[in-house]
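# Breakdown of the fold
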Amino acid sequence: MLTHEQAHQYDRDGYLLVPDVFSPAEVKAMIGAVEGGGRVAEKAYDMADTSGKNARLALWSELGDDIWAAASTHPGIVGTARMLMREEISFFHGKVILKEARSGGAWEWHQDYGYWHHDGFLLPNMLSAFVALDPSTRENGCLQVLRGSHRMGRLEHGRAGGQMGTDPQRIAAVEKCFERVHVEMTPGSVLFFHCNTLHTSAANESDHHRRSFIVCYTGTSNPQYQGDSFKTYPVCPTGAPDAVSRFA
Ligand SMILES: O=C(O)CCC(=O)C(=O)O
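Structural notes, computed from the coordinates. Computed from a predicted model, the values in this text were never measured in an experiment.

### Some thoughts on the overall build of the protein chain
The secondary structure content of the protein chain amounts to seven helices and 15 strands. Over its C-alpha trace the protein chain gives a radius of gyration of 17 Å, about what one expects of a compact globule, namely 18 Å for 248 residues. Expressed as lengths along the three principal axes of its C-alpha atoms, the size of the protein chain is roughly 50 × 45 × 40 Å. Every one of the 248 residues in the protein chain was classed for burial, and the buried ones make up 43%. Summarising the internal contacts of the protein chain: among those between residues at least 6 apart in sequence, 86% fall at separations of at least 24.

This is the structure in structure tokens:
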């Protein structure tokens, strides 16, 4: 159950870290699914950072019917996301980020709404839930956020390697005004962050993988403009609390 203080923190900071949403057994099952093929193997591709290293990810837009669907509908995530967004929510997409030991590339500074605005979403009432599958540390390239930066609204994004990033000059100025936080996470914890929160992560130079599952939601009332019509999304179902471990 989310406290009033946690909701306030999210509104103020643009992110909220919730420990131990998933048990060690559930994390082990998700790691098994990363290593065992299935959706992750089918969908994985590289995304070059500005140094030419590759951030690797597998992304899908269908909720599906596997361990990732169970994780995306986990009551600890869906219930919290719904309360943080103050409305009914819909599943937008899920992705596994494979930042592998010694090879995983960086993510350039960006806002998720920098991408999703171009997908036609009219409102920045969207959120990501980042689930740590390995310990996520400074050494292996944990997520970094600028605390409170969501309050600036959407910034312009341009090409940054194979990614989209915010203008480096603008970021240099913004960084002087907002605290940079390295979000170190234990496996099973979840970082909820607003779609306009600026975030980045460094390449993984360490000997330890940094893998994560990120599930993204949009407010069900958020219109997505597509050509001359609007796409609507069904309300995200809430699954059974133990659904993830059933895939172990
Ligand atoms: O996993 C990371 O380090 C960053 C991923 C990210 O920013 C994204 O998928 O938008």
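### A look at the sheet that holds strand β13 (residues 210–219)
Strand order in the open sheet formed by seven strands is β1-β11-β6-β13-β4-β3-β2, and the pairing between neighbours is antiparallel. This sheet does not close on itself; its edge strands, each paired only once, are β1 (15–18) and β2 (44–48). Each strand axis lies, on average, 25° off the axis of its neighbour in the sheet, ignoring direction. Lying over the sheet, helix α1 (residues 4–13) contacts β1 and β11 (190–194), oriented at roughly 140° with respect to β1. Sitting on the sheet, helix α5 (residues 75–85) is in contact with β1, β4 (89–99), β6 (126–132), β11 and β13, with an inclination near 145° to β6.

### What about the nonpolar core?
Core analysis: the biggest nonpolar cluster contains 58 residues, and Met30, Ala81, Leu127, Ala129, Phe192 and Tyr217 have the highest contact counts within it. Those residues within four positions of Leu127 in sequence are excluded, and the remaining contacts are Ala81, Leu84, Met85, Phe192, Phe193, His194, Cys195 and Tyr217.

### A look at the site of the ligand
In the vicinity of the ligand, the contacting residues are Ile97, Trp107, Asp112, Leu143, His199, Ser201, Ser212 and Ile214. Residues that form the shell around the ligand fall into these classes: four nonpolar, three polar and one charged.

### Section: the sheet that holds strand β5 (residues 107–110)
Spatial ordering of the open sheet is given by β5-β12-β7-β10, a layout of four strands whose pairing is antiparallel. Each edge of the open sheet is held by one strand with a lone partner, namely β5 and β10 (180–183). The average undirected angle you get between the axes of adjacent strands in this sheet is 25°. Examined bridge by bridge, β5 and strand β12 (residues 199–201) share two bridges and lie antiparallel to one another. The partner of His110 across the bridge, within β12, is His199.

### Some details on the pairing of β4
Of all eleven residues making up β4, nine are buried, and the element is well covered by its neighbours. Here strand β3 (residues 54–60) pairs with β4 via five bridges, running antiparallel. Bridge pairing in β4 places Leu57 opposite Ile97. Alignment of β4 against β13, held across ten bridges, turns out to be antiparallel. Note on β13: the bridge partner recorded for Leu98 is Arg211.

### Points about unusual backbone geometry
Phi at Asp20 takes a positive value of approximately 55°, unusual for a residue other than glycine. Unusually for a residue other than glycine, Arg86 sits at a positive phi of about 55°.

### Here's the deal with the environment of Ser201
Relative to the assigned elements, Ser201 resides in strand β12. Looking at Ser201, the number of C-beta atoms within 10 Å reads 26, which means it is buried. For the pair Ser201 and Met164, spaced 37 residues apart in sequence, the C-alpha separation works out to 14 Å.

### Some thoughts on the environment of Val18
Relative to the helices and strands, Val18 is located in strand β1. Overall, Val18 belongs to the partly exposed group, with 16 C-beta atoms counted inside 10 Å. Taking the C-alpha atoms as reference points, Val18 and Met85, 67 residues apart in sequence, are found 16 Å from one another. Those residues in contact with Val18 that lie beyond four places of it in its chain are Thr80, Ser189, Val190 and Phe192.

### Considerations on the environment of Gln144
Structurally, Gln144 is set in strand β7 (residues 143–146). Expressed as a C-alpha distance, the spacing of Gln144 and Glu184, which sit 40 residues apart in the sequence, is 8.7 Å. Not counting residues up to four positions away in its chain, the partners in contact with Gln144 are Arg180, Val181, His182, Val183, His199, Thr200 and Ser201.

Quick notes on the rules
Residues numbered from 1 in each chain as written. Predicted model: local features only at pLDDT ≥ 70, side-chain atom pairs only at ≥ 80, totals over all residues. Helix = DSSP H or I, 4+ residues; strand = E, 2+ residues; numbered from the N terminus. Rg over C-alpha atoms; globule rule 2.2 N^0.38 Å. Buried ≥ 20, exposed ≤ 12 C-beta atoms within 10 Å, placed from the backbone. Contact = placed C-beta atoms within 7 Å. Pairing = 2+ DSSP bridges. Axes fitted to C-alpha atoms, helices over the stretch in contact; angles between N-to-C directions. Core = buried A, V, L, I, M, F, W, Y, C linked by C-beta atoms within 7 Å. Near = placed C-beta within 6 Å. Nonpolar A, V, L, I, M, F, W, Y, C, P; charged D, E, K, R; others polar.

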